[in-house]
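Spelled out, the chains give:
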Amino acid sequence: MNTDNTVYQNPLTGRYAGKEMSYIWSPQYKHSTWRRLWLTLARCEQKLGLDITDTQIEQMSAHLEDIDFDKVAAKEKELRHDVMSHIHVFGELCPEAMPIIHLGATSCFVTDNTELIQMREGLKVIRGKLLKLMAQLAAFCDEHRAMPTLGFTHFQPAQLTTVGKRFSLYLQDLMLDFERVEEEIERIPFRSVKGTTGTQASFLELFDGDHAKCRQLERDVAAGMGFSNVVAVSGQTYTRKIDYFVMAILSGIAQTASKMATDIRLMANMKEVEEPFEKKQIGSSAMAYKRNPMRSERVCSLARYVMNLPGNAAMTEATQWFERTLDDSANRRLVLPEGFLATDIILSLLINITNGIQLWPNVIRRHIQSELPFMATENLLMAAVKKGGNRQELHEVIRTHSMAAAKRVKEEGADNDLLDRLRNDPAFACIRDEFDSLLDPSTFIGRAPEQVTDFLNECIRPILGRYKAELDAASADAVNV
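These notes cover the structure that comes with them. (Residues numbered from 1 in each chain as written. Predicted model: local features only at pLDDT ≥ 70, side-chain atom pairs only at ≥ 80, totals over all residues. Heavy atoms only, no water.)

**Section: the overall build of the protein**
Defined as follows: Numbering of helices and strands runs from the N terminus, with a helix taken as a DSSP run of H or I at least four residues long and a strand as a DSSP run of E at least two residues long. Buried residues are those whose accessible area, probed at 1.4 Å on protein chains only, stays under 20% of the maximum for their type, while exposed residues exceed 50% and partly exposed ones sit between those limits. Residues count as neighbours in contact if any of their non-hydrogen atoms are within 4.5 Å of one another. Accessibility throughout is a Shrake-Rupley quantity obtained with a 1.4 Å probe, and a residue counts as covered only by protein chains that appear here. His is not counted, nor are the chain ends; Lys and Arg add positive charge and Asp and Glu add negative charge. All charge positions are set by atom: Lys at NZ, Arg at CZ, Asp at CG, Glu at CD.
Looking only at helices and strands, one finds 20 helices and 4 strands in the protein. Dimensions of the protein, computed from C-alpha atoms along their principal axes, come out at roughly 105 × 50 × 40 Å. Buried residues in the protein amount to 49% of all 481 residues. Restricting to contacts in the protein with at least 6 residues of sequence separation, those with at least 24 account for 77%. Summed over all atoms, the accessible surface of the protein reaches about 23900 Å², with 51% contributed by carbon and sulfur. Positive and negative side-chain charges in the protein, numbering 57 and 65 respectively, have mean positions lying 4 Å apart.

**Describing helix 4 (residues 54-61)**
For clarity, the cut-off: This arc corresponds to the set of directions leading from the helix axis out to the C-beta atoms.
Q56, I57 and M60 are the residues of helix 4 that are buried. Down the axis of helix 4, the sector holding all buried residues measures 100 degrees, keeping them to one side. Looking at the buried side of helix 4, the elements it contacts are helix 3 (27-47) and helix 6 (82-93).

**Concerning the nonpolar core**
The line we're drawing: We define a nonpolar core as any set of buried Ala, Val, Leu, Ile, Met, Phe, Trp, Tyr and Cys residues linked to one another through side-chain atoms lying within 4.5 Å.
In terms of nonpolar packing, the biggest core is built from 132 residues, with W38, M60, M119, F340 and F428 touching the most fellow members. Contact partners of F428, with chain neighbours within four places excluded, come to L380, L381, A384, L394, V397, I398, L422 and F435.

**Brief notes about the side chain of S258**
Following the sequence through the fold, S258 ends up in helix 11 (residues 241-269). Take S258: its relative accessible area is 14%, and that puts it in the buried class. Sequence-distant contacts of S258, that is, excluding residues within four places in its chain, are made with V299, C300, A303 and M307.

Pasting the structure below:
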């Protein structure tokens, strides 16, 4: 990491990002992939009859990783072209191969194909972290599937739900994101060999007008780099719409993460939930008592950035003139890696949060009890009617007591005494002995526990089972708070 404190450092790499994702978008990975592309191209051209020797192939194979970046930088100052600078430096290491490196190709052969590789590999890292997060959330939802909690609509108290059911909503969104990641990994195409304006004219010339060999080269190079899907047609670049599709997937993950982290922040304010908190962690420089949900706040902050990236990618696609214009280059050097790096740390943060999240059941129960009297009135009404009570008369009794209890809560700040009022009212004497059972919070949660169980069994566990090996190998980077 650059330790020169007079130079700007990107916080995504200097402060937050995981090692695996950082490596995928590093100069070393990028430019060693360029060399692998040149090697694969040469091998496939040799196989189809071009005059390329085994010695040339062997020399290229021996120098895929040993990149002298200082020498490349010096050469780029001279040539003002990054791809040609790398070709020259690579060629100095394998002089026999120098004449055939990049044969028939344009710069986008290495730049575009490498970016497609980086996006696919980045999505695989994202997939692994989604699996780990989903597994942890599934365990949490299962454990708390029947724990009643106050539900909210419009952030106003509503019917009860359960803690597990609430968190299953986040898990379902993650599952939908996972499915799109899974699909994109399989779908993402390779540019392969298309030539300067996408016509493959240079390769047609190399193969003396043999169209079949041009098509075969395209398939062979793609297969050599691990792709079965190739874009059918292109200009100089692959369609930038692919970038938009990928950024939209990352945005979707960020949306899910922000929703979940925002809810955790709200629950933390109600003191129902707390993030992991280190023994000597400081919440505020002024207020020593504070335990701010800083991890969730960071999730929301990074998610806001990622959610805005698809619009940028959309503009790039929309402004590609004819076969290509270069104003996409500098933009994409920022958007693509930063989208992946930010999403990567968002998932690491959520893994960290869910791994150590703290519930406070007594607080949750107290909040239920503060609102349950109003919610329970319908149950009490129905039970009293079954014992011979008059529905309309009972309704009026409830209404009168409800208004009086609510006024007392608001004006005096007192506890809600509605249930005591009803319990002691002669109109409800017939069910006085049943009050406690009728007010059990577990009778107000509907099918929430069963919904969680069904969801986990039918939707989540099949995914976790299908990817058991990857899930076992998945890791989350340490969260630096």
